[in-house]
Each structure stands twice: as C-alpha cells, then as structure tokens.
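# Structural characterization, general
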Amino acid sequence: MSGLPLLPEYSFPNLSVNKFHLSHTTNFKHGYPIVSSVSHGIGKQPIDSDSVEFLNLANPVRFDPEMTYGKKKETPPQFLPQFYHYANKTLTFSAFFKQTVFESPLEHYRVRQVKIHYFLEDDTITIIEPEVKNSGFKQGRLVRRSKIIKNDSGECYTWKDFNIGIDIPIYGIVYHTVNCDAFTKEFLLSQGVLMGEFEAMPSDPYIEKRNCIDRQQLPSPAATNDDKLRRFLEYDGKVLRFNVVWDSRDQEFGELRSYVLHYYLADDTIEVREVRKLNDGRDPFPMLLRRQKLPKNWKDRPVSFPSLTMEVTEAEVTEYYSPKDFLVGNTIFVLGRRFLIYDCDPFTRKYFQDVLCMTQGDAISLEQKAMSMPKREIPPHIGIGAPEDSLQSCFNLQPQRPKADFIKYLVNAGKILRYTAKLDWVHPEDQDRSFIISYSLADGKVQIQELANHNTGLKGGRFLKAMLLPKHNTNPNHPEYYTPADFGIGSVVVAYGHHFIITGADLFVYRYMEENPDKFRPEVVEGVRTHLIETQVLKEGGDGGAGGDRCALGDAAGEEALLEGDAP
C-alpha cells in the first residue's frame, strides 16, 4: 500500500478509525509553558516514524545533552498569590447573639443563631442567619460581605482572630462562636492555632415555649352524626327567643341595657338584637351580634393562630353554645360581654319542656330605681343684658332668642297706650319737663319720650328706649314688669331711679279699659274717665263723640291738644 501514489482511487481509508482529533503540543505547569513531543498522529494513531523500519540506533553518549552541556538547572517553584491559592476556600463558624425584647410580657430576650463566613481569598466576612418560620424577625444576610474593622486603629479582622468559644464584636453586636465545620478546624490546626472546645448552641426560650404549646393536643370537638338537611327541614323558621340584659354597672358610666337573643335551631346560630327605647340618646344600631355560632370561650385558640389574617373556624373552637346553656337565670358571655337571661317566650318554654325535658325558671324582675335628677338651679343674673336673654345661656350651648308670644303680638299689633307724665322733681329745673309714656300691648315694652320745651336748655327726644321696664325693688333674677294695670292717673312709675307721675291718658286707653275690665281696678278706670271728662274729651254720660275721634290713636293733632291741656 505504501508504494502506491497518493492519488484519488489509489488510497484505501481505514474504516476502523473514528477519532480524528489532533493532539496539542503545549502544556502549562506552574505557570510556565512546556512543549511536549507528540508521539502519535491524528486520533492517537501510531506514526510511521515510530515503526521499526525507521529505527536508527545512535550512540546515546553522543546525543546526551548532559554530557555536552552539563546537568540541567532546577527551575524555582512558581509564586502563587493568595487569591489563587485560597480561591473558594471559606472558614465557617456557628455563632449566636442575644437580642433584648422590650415591652413584652412573654419574653425578655431572643437567641438568634447565625453563620459567620470568613473568605480566605480576600479576608472578607459575611454573616447569614438561617430563616426560622414565624420568628417575627427579618432574617437572611445580616452583614454583607466586606472587610470589617475590629478596633479604633483601623485594623480589620483576619482568620487569626477567630476561634471557638470567643466573643466577636461586629457593628455593635457581640457574636459568640460555638462550633465550626471540618475544613475550618483542619485549617486552623494546620496553622498552629489551639482550638477551643465545642459548645452547644443555646435554644431560643420563646421558640421553645411556642413549640411546646403547639405540641399540646387541644381537645377536638367530638364528631356527631348530624344531618344538616334533616335539621333544616324540621327546624327551619323555629327560633328560641330569650330576653337578656347586659349589666355593665360595675364599670365607669355602665348601665343595664336590654337585648333580645335569638337561637336558630336549624343551624345552631345566635344573633343578639338591641331593644330600642324612645329618646335613649343612642344611634339606631339594632344588631349587636350578627347571626353566627357563638363559642363559649372566644379566646380559646392556639397561640400561633394568625388572628390578623384569618378568621376563627370550627377547627379552632372547642365548644359552642347549645340550647341547654340558655336557662332563665344563667349568665352567658357574648364575646367577652356578660349577659343575664331573665325571661323567654312561650314557644321557648314549650320547646324546653317537650324536647329537652327541661323546665325554664320564672321570669326575673329587673325593676330599677327611678333616677333622681338633680335640681336645675338658675344662676343669678349678672346685670348684663336683659334677664330673659341671659337665661337662654343656661338652657343651650348656643343661646337662642327668647320666644315671643306670637298670638298676643298678632292680636295687639299696633295697639299702644299713651300717657302724659311729669317728673317727681327734686331740682327746680325739672319742674316744667313733660313726658309721654307709651306702652305697647304687643310685646309689653315701655318707651318714654320727652317733649321739647323752648328756652329751657333741655332738648326733647327719647328718654328711654322701648324695653321691658321692671318695677322698683323687685328681684333682679325674676323681675316683675309694668303692665297696663299699673298705669293710672296719679300713679308713680319708677324707671331706673327716675320717678314719673301719670298726669293724663288718651281716649284709646279708656276704650281699652272698657273692653278689658278684668285687667284694671275700678278706681284706675274711674280716674282715667274723670280725667277725660275734665279735659272735655268725654262728656258726662256720653262716649266722647267727635272729640274722642280727635284723641284716638294716631291722631297727631288730638294728641298735641291733649298734651297741651286744651279741649278740642
């Protein structure tokens, strides 16, 4: 075969060869390239030069390099940096630290177990806390990987600072090492470090307490062969009705409030409705407890139960209330509220007698003593404003205007009684002063006007504005005001220290007295009549005629004549 030319159709391939890769000729050892001699061909097939045919026996002494050039010098070992030598090599220590818990009655501190990893390649440290289910803390990586300073001089922690059973302060937290892995132990012993004795990892007392409670087997409700469909068909619409009261008088501002408790026999659910009373001062909120099954102990649930995210189901409740628990005189608890059963309806009594063979007690009387309301005392008038206005501040936070007698105002609207008066003078200059006293029948207010008197130096006009005029020497808190019966000829009217003597009246005053004889004394009526006859406003035995019309209310000319004393 070897004598044939290397031409197409003159060569025969070896079908047993299935590898055709070419071997490399350069290797790296200790960081230096080394050329290796290739003693095989493609696919590691023997080459022709290695055959016996090409064997050439040569003198080994002639071609020995050491005989010619001397012994080969040894190559110094290659320097390896730390990051290359300690790549992916980590010292791992098991440690713990105690964290103080404030304002908790169940625990005072927590033991948190961590892993301290020291990376030999760059002297960095990271601390990782394994996650514990429902621990209440954010766990995972507590300290990120970095070099950590150990003192004020700026020196960082190295592997020589770590051992078993020592305290390592890192960022204000003291970690106590208790154990390490096999590689860490082997490395420290190889470096001549005296290892401390391994310690047991302390457990978290709160976690142990919680696990102990969870391991306790709570008594589960006994399984019953209850046919819900049969109960629904038999007891649908049948409800036990109980009258109950919530007695909270042992608390501040507590009271005795009445409620109605309904027990639905179809599904053993309970609802509590409030009994509304007229003017009880409460918002209309009829339902205290919506229809649901009522547990006897509403706090009977596992400690680990997530009350914030889940509702209580039958799996967590040990026992619910049943009809046998509702007897007259018994006390039940509705989600912590104490209720007393004092009565029930006839259907409930018949159900207990026929079905449960139990007799309900007699109704309990809940008569309460009538509350004695404190007597309202009106404070004395302070002298500012009218007593009626000031009195309104005792009845409302926002004082209202005193209510007027509207019917009286409509009947007497525009009706005014006018009288002439003079001062009971003390000083001579007051002798010639004349006044008109007007009494409004609509609101009982008195107004005093002074007539102008020329060449006296006294300017006429309003002397007293229209107001309720209290009598002299009356109780300022409950004053007595002037009425039409107090105005008669010769009567003295005292207005805030000024004494006025009534000297005359107009014809409308006399007409009003004739229409209302029960409001005036006979001598007052007779005095006005005598005055009108003397002033020729009335005729003896007559009703005044045209002269009376001139002196009627609103006639300015007749009024002026009356005030001047001239007969019409």
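Here, the structure is the one placed above.
First things first, this report covers the structure right here in the doc. (Residues numbered from 1 in each chain as written. Predicted model: local features only at pLDDT ≥ 70, side-chain atom pairs only at ≥ 80, totals over all residues. Heavy atoms only, no water.)

### Describing the nonpolar core
Counting 34 residues, the largest nonpolar core has Tyr419, Ile437, Phe487 and Phe500 as the members making the most contacts within it. Mapped onto this core, the elements with two or more residues apiece are β15 (416-423), β16 (434-440), β17 (446-450), β18 (461-467), β19 (492-495), β20 (498-505), α9 (507-515) and α10 (522-534). If we ignore the near neighbours within four places in the chain, the residues touching Tyr419 are Phe435, Ile436, Ile437, Pro484, Phe487, Ile502, Gly504, Ala505 and Val509. By size, the runner-up hydrophobic cluster in this structure holds 23 residues, among which are Phe97, Leu120, Ile164 and Cys180. (Core = buried A, V, L, I, M, F, W, Y, C linked by side-chain atoms within 4.5 Å. Buried < 20%, exposed > 50% of the residue type's maximum accessible area, 1.4 Å probe, protein only. Helix = DSSP H or I, 4+ residues; strand = E, 2+ residues; numbered from the N terminus. Contact = heavy atoms within 4.5 Å.)

### Quick word on the packing of aromatic side chains
Overall, the coordinates contain 22 aromatic pairs when judged by the stated rule. On the numbers, 6.4 Å between centres and 45° between planes, the contact of Trp246 with Tyr259 is tilted. With Trp246 in strand β9 (residues 239-247) and Tyr259 in strand β10 (residues 256-264), the pair connects residues that are 13 residues apart, well separated along the chain. Of the residues examined, Tyr259 reaches a relative accessible area of 2% and is grouped as buried. (Phe/Tyr/Trp six-rings, centres within 6.5 Å; stacked < 30°, edge-to-face > 60°.)

### Remarks on the sheet that holds β15
Pairing is antiparallel across the open sheet formed by 6 strands, whose spatial order is β18-β17-β16-β15-β20-β19. Strand pairing shows two members of the sheet lacking a second neighbour, β18 and β19, which therefore form its edges. For this sheet, the mean angle separating the axes of adjacent strands, direction not counted, is 30°. Bridging between β15 and β20 involves 5 bridges; their strand directions are antiparallel. Bridging across to β20, Ala421 finds its partner in Ile502. (Pairing = 2+ DSSP bridges. Axes fitted to C-alpha atoms, helices over the stretch in contact; angles between N-to-C directions.)

### Regarding the sheet that holds strand β4 (residues 109-119)
On the basis of which strands lie adjacent, the open sheet formed by 6 strands has the order β6-β5-β4-β3-β8-β7 and antiparallel pairing. For this open sheet the edge positions go to β6 (140-146) and β7 (167-170), each flanked by a neighbour on one side alone. The mean inter-strand angle of the sheet, taken between neighbouring strand axes irrespective of direction, is 30°. Each of β3 (90-100) and β8 (173-180) touches helix α3 (residues 182-190); the most contacted strand, β3, lies at about 110° to it.

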